[in-house]
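Next come the chains, spelled out residue by residue.
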Amino acid sequence: GSTQLTFRSVAYVSTTNNQVVAIDVNSGQILWSASLTSTTGPGGIHSTPVIDTANGLIYVLYRTTCYASKAASNCGQSKDSVLFRIAALDVVTGKILRNQAIPSTLTTSFGVIPFQPYAQGSRPGLLLNSNGLYVAFGAYNEADDPYRGWLIKINPSTLAAQAAFTTSPHFS
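The text that follows walks through the structure, step by step, so that each part is easy to find. (Residues numbered from 1 in each chain as written. Predicted model: local features only at pLDDT ≥ 70, side-chain atom pairs only at ≥ 80, totals over all residues. Heavy atoms only, no water.)

**Some words on the pairing of strand β2 (residues 10–15)**
Part 1: Most of β2 sits out of view: 6 of its 6 residues are buried.
Part 2: The alternating pattern of β2 places Val-10, Tyr-12 and Ser-14 and Ala-11, Val-13 and Thr-15 on opposite faces, both of which are buried.
Part 3: Pairing geometry for β2 and strand β3 (residues 19–24), over 5 bridges, is antiparallel. Bridging across to β3, Ala-11 finds its partner in Ile-23.
Part 4: In this structure, the hairpin formed by β2 and β3 is closed by a connection of 3 residues, where Asn-18 is found at a positive phi of approximately 60°. (Buried < 20%, exposed > 50% of the residue type's maximum accessible area, 1.4 Å probe, protein only. Helix = DSSP H or I, 4+ residues; strand = E, 2+ residues; numbered from the N terminus. Pairing = 2+ DSSP bridges.)

Okay, structure coming up:
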């Protein structure tokens, strides 16, 4: 599956292979293509990215698998792991300007709670407003346990998590 956004006669297509492609809607010419990860395995862009028209950025949330056995792509992990990352790309060039992992723990009004990416899926589109960038998560697969619903506020300038809400704070 893939998602598409259109802005100023350019279609931005994101894929489950962690690719973002900009296509001129009038000529069909590919303007640029960006790969957000070099790892293989379960991953992909499943939620619709959002475009910051004022700053010329497209924000993309993607899931990637990091393999500890592959030194070049282990994402700093000592064991195989799944990560969600947010990238900010230039809408004109496709250059990745910022890239940040969703942290493994998030502070909520219930306290600090683990964020377990292997059990999470993100299908809703990203939301950008004057207060921040928002990403939402549900279950990746209902057989994965434990999973929680999440709404995470991201600082668009740093891509750091600023606030989080979970639907299941006491789930263990």
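And the narrative resumes.
**Some points on unusual backbone geometry**
For residues besides glycine, phi is generally negative; the peptide bonds are generally trans as well.
Part 1: The phi angle at Ser-9 is positive, at roughly 65°, despite the residue not being glycine.
Part 2: As for its placement among the helices and strands, Ser-9 is situated in the loop between β1 (2–7) and β2.
Part 3: Looking at Ser-9, the relative accessible area reads 36%, which means it is partly exposed.

**Quick look at the sheet that holds strand β5 (residues 50–52)**
Part 1: Taken in spatial order, the 4 strands make up an open sheet running β5-β6-β7-β8, and their pairing is antiparallel. Each of the sheet's edge strands pairs with one partner strand only, and the pair in question is β5 and β8 (96–101). Within this sheet the neighbouring strands show an average axis-to-axis angle of 30°, counted without direction.
Part 2: As judged from the 5 bridges shared by strand β7 (residues 81–90) and β8, these two strands associate in the antiparallel manner. Paired with Arg-85 across the bridge in β8 is Ala-101. (Axes fitted to C-alpha atoms, helices over the stretch in contact; angles between N-to-C directions.)

**What about the pairing of β7?**
Part 1: Burial analysis of β7 places 8 of its 10 residues in the buried class, which makes it a mostly covered element.
Part 2: Sheet topology places strand β6 (residues 57–66) next to β7; 10 bridges connect them, and they run antiparallel. From the neighbouring strand, Thr-64 faces β7, where its bridge partner is Leu-83.
Part 3: In this structure, the hairpin formed by β7 and β8 is closed by a connection of 5 residues, where Gly-94 is found at a positive phi of approximately 80°.

**Here's the deal with the packing of aromatic side chains**
Part 1: This structure, assessed with the given rule, holds 2 aromatic pairs.
Part 2: Taking 4.8 Å as the distance between ring centres and 70° as the angle between the ring planes, the aromatic pair formed by Phe-84 and Phe-137 counts as edge-to-face. Linking Phe-84 in strand β7 with Phe-137 in strand β13 (residues 132–139), this pair joins segments that are 53 residues apart in sequence. There is no split in this pair, since Phe-84 and Phe-137 are both buried. (Phe/Tyr/Trp six-rings, centres within 6.5 Å; stacked < 30°, edge-to-face > 60°.)

**Some details on a nonpolar patch on the surface**
Part 1: Nonpolar side chains collect at one region of the surface, where Phe-110, Leu-151 and Phe-165 lie side by side and expose about 300 Å² of accessible area between them.
Part 2: Considering the arrangement of structural elements, one finds Phe-165 in strand β15 (residues 161–166). (Patch = residues over 30% accessible without salt bridge, like charges linked within 9 Å, V, L, I, M, F, W, Y side chains within 5 Å. Areas by Shrake-Rupley, 256 points an atom, 1.4 Å probe, with all protein chains shown as cover. Salt bridge = Lys/Arg side-chain N within 4 Å of Asp/Glu carboxyl O.)

**Observations concerning the environment of Thr-108**
Part 1: By the secondary structure assignment, Thr-108 is in strand β9 (residues 105–108).
Part 2: Thr-108 sits 56 residues away from Ala-164 along the chain, and the two C-alpha atoms are 5.2 Å apart.
Part 3: When sequence neighbours within four positions are dropped, the list of residues in contact with Thr-108 reads Ile-113, Trp-150, Ala-164 and Thr-166.
Part 4: A polar contact is formed between the side chain of Thr-108 and the backbone nitrogen of Phe-110, at a distance of 3.0 Å. (Contact = heavy atoms within 4.5 Å. Polar contact = N/O pair within 3.5 Å; in protein donor to acceptor, adjacent residues only side chain to side chain.)

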